[in-house]
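So the chains spell out like this:
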Amino acid sequence: MFRVSRFMREILHPTIPGPRRDPPGPVVIWNLVRRCNLTCMHCYSISADIDFPGELSTPEVFGVMEDLKAFGVPALILSGGEPLLRPDLFEIAQRAKALGFYTALSTNGTLIDPVLAARIAATGFDYVGISLDGLEQTHDRFRRKAGAFLRALNGIRLCRDTGVKVGVRFTLTQDNAADLPGLLDLVEAERIDKFYLSHLNYAGRGNVNRKRDAEFATARAAMDLIFEKAFHYAQRGLEKEFVTGNNDADGVYLLHWARRHVAALDEGHLRQKLAEWGGNASGVNVANIDNLGNVHPDTMWWDCTLGNVRSRAFSAIWRDTRHPIMAGLKARPRRIGGRCADCAYFDICGGNTRVRAMKLTGDPWAEDPACYLDDAEIAA
């Protein structure tokens, strides 16, 4: 996750650089349930509106949470499927808050009515992320459900009006990129606290025309817009968060953007702060537990299972580097081939997304084919 707004504030009001500090334990994204009332086009968990057998029980979830707390996990993101379809969700969230976790809810928002919004607020969720993958027509097509946009927007408004910090999650594709400016206008008009842009894990088309390739050009244009918005908010001292994910080239691209757009830029300072961030955190600072208790390096890597919390504690699974994927992810620096091996900014992005390289080349340590920077931009 790349916290764009944080780095815009850093550009304007530099803080003292320091070494990269990993949290004591990873942020855990927990897919508590696979059932969902929608069948979205880009769903990574392949959810459906049916009950899936074998999901962790409430006592099992509580037991895992005790281990996570002792291991130093700072935050839980409760997800699905649609987590609001899990009957014990609020009981789980209350236990998480009692144990001191930062507790977030990731939902499609369509089920939130005034009663549920009040329960979300009363439970004390630190944040609620609701997906909008474009404006009304686009979102409903992506979600394969007429009315999904209006219901999700209503859920956002209800959470906002009960005092819950709420944000919009947007997955960028070729089919919805044109809606991004309008969606950002909506976020501003609706006084929504946070905007999260997720790059889709898709294949690129090689090195030569990365600046002009349709997919790469779409990513670059989207980031230009996000950076411009975030910078203007930071200049005005306004509190609105812009965050991106699933393409750690964003950090390097920000450095290039700042060189072009920021007068009197302290480039050395910004570069050092970006290196402190360090890019991709899969297998290190972010983890995933699925509905069956399987542990994965991140939410996009469900075909890489490291163990199961029913048979082994998460803390033991996460520390174990006998699995070659975990050994490679925890290596400092990671040993990545292709363009990444020669990139002058590897310390910023960390080699980007390994699961994308694995799925497209069969080699988890190949270059990330979705890096949208051209060869000149990654040269020393």
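What you see as residue numbers is a count from 1 along each chain, following the sequence as written. The model is predicted, so local features are restricted to residues of pLDDT at least 70 and side-chain atom pairs to those at 80 or more, both for listing and for counting; the totals for chains, interfaces and linings are taken over all residues. Side-chain descriptors were evaluated using all non-hydrogen atoms of the structure, hydrogens and water having been removed beforehand.

**Student:** Just give me the short version of the overall build of the chain, but keep the residues and values in it.
**Tutor:** Counting its regular elements, the chain contains 15 helices and 11 strands. In this setup the radius of gyration rests on C-alpha atoms only. A globule is expected at 2.2 Å times the number of residues raised to 0.38. Relative to a compact globule of 380 residues, whose C-alpha radius of gyration would be 21 Å, the chain shows 20 Å and is just as compact. Its C-alpha atoms give the chain principal-axis dimensions of about 55 × 50 × 40 Å. Counting every position in the chain, which comprises 380 residues, the buried fraction comes to 56%. The long-range fraction of contacts in the chain, counting pairs at least 24 apart against all pairs at least 6 apart in sequence, stands at 73%. In the form shown here, the chain has an accessible surface area of approximately 15,600 Å², with 53% of it arising from carbon and sulfur atoms. For this count, His and the chain ends are skipped, Lys and Arg are scored as positive, and Asp and Glu as negative. Positions of charges follow a simple convention, taking NZ of Lys, CZ of Arg, CG of Asp or CD of Glu. Looking at charge distribution, the chain has the averaged site of its 47 positive side-chain charges lying 2 Å from that of its 46 negative ones. Working definition: helices are DSSP H or I runs of at least four residues, strands are E runs of at least two. Numbering for both runs from the N terminus. Exposure categories follow from relative accessible area, calculated using a 1.4 Å probe and restricted to protein chains: below 20% of the type maximum is buried, above 50% is exposed, and the middle band is partly exposed. Note on contacts: a residue pair is in contact if any heavy atoms of the two residues lie within 4.5 Å. Each accessible area is a Shrake-Rupley result for a 1.4 Å probe, and residues are judged covered by the shown protein chains and nothing else.

**Student:** Lay out the state of the cysteines in plain terms, naming residues and giving numbers.
**Tutor:** To count as a disulfide, a pair of cysteine sulfur atoms needs to be within 2.5 Å. On inspection of all chains with the given rule, the structure shows zero disulfides. No disulfide involves cysteine 340; its sulfur sits 5.9 Å from that of cysteine 349, the nearest cysteine. Residue classification places cysteine 340 among the buried residues on the basis of a relative accessible area of 11%.

**Student:** Residues and numbers for helix H9 (residues 249-261), please.
**Tutor:** Given a rise of 1.5 Å per residue, 13 residues ought to cover 18 Å, and the 18 Å separating the end C-alpha atoms of H9 matches this to within 8%. For H9, a buried count of 10 out of 13 residues is recorded, marking the element as mostly surrounded by other parts of the structure. Working rule for helices: expected span equals 1.5 Å times residues minus one.

**Student:** Quick one: what's the story with the pattern of salt bridges, residue by residue and with numbers?
**Tutor:** For this document, the term salt bridge refers to a Lys or Arg side-chain nitrogen within 4 Å of an Asp or Glu carboxyl oxygen. By the definition in use, this model includes 19 salt bridges. Between arginine 157 and glutamate 190 there is a salt bridge, and its shortest N-O distance comes to 2.6 Å. Of this pair, arginine 157 sits in helix H6 (residues 148-161) while glutamate 190 sits in the loop between helix H7 (180-189) and strand S7 (194-199); the two residues are 33 residues apart in sequence, bridging distant segments of the chain. Residue classification places arginine 157 among the partly exposed residues on the basis of a relative accessible area of 32%. On the basis of relative accessibility, which here comes to 11%, the residue glutamate 190 falls in the buried class. The salt bridge involving glutamate 267 is made with arginine 259; its shortest N-O contact spans 2.7 Å.

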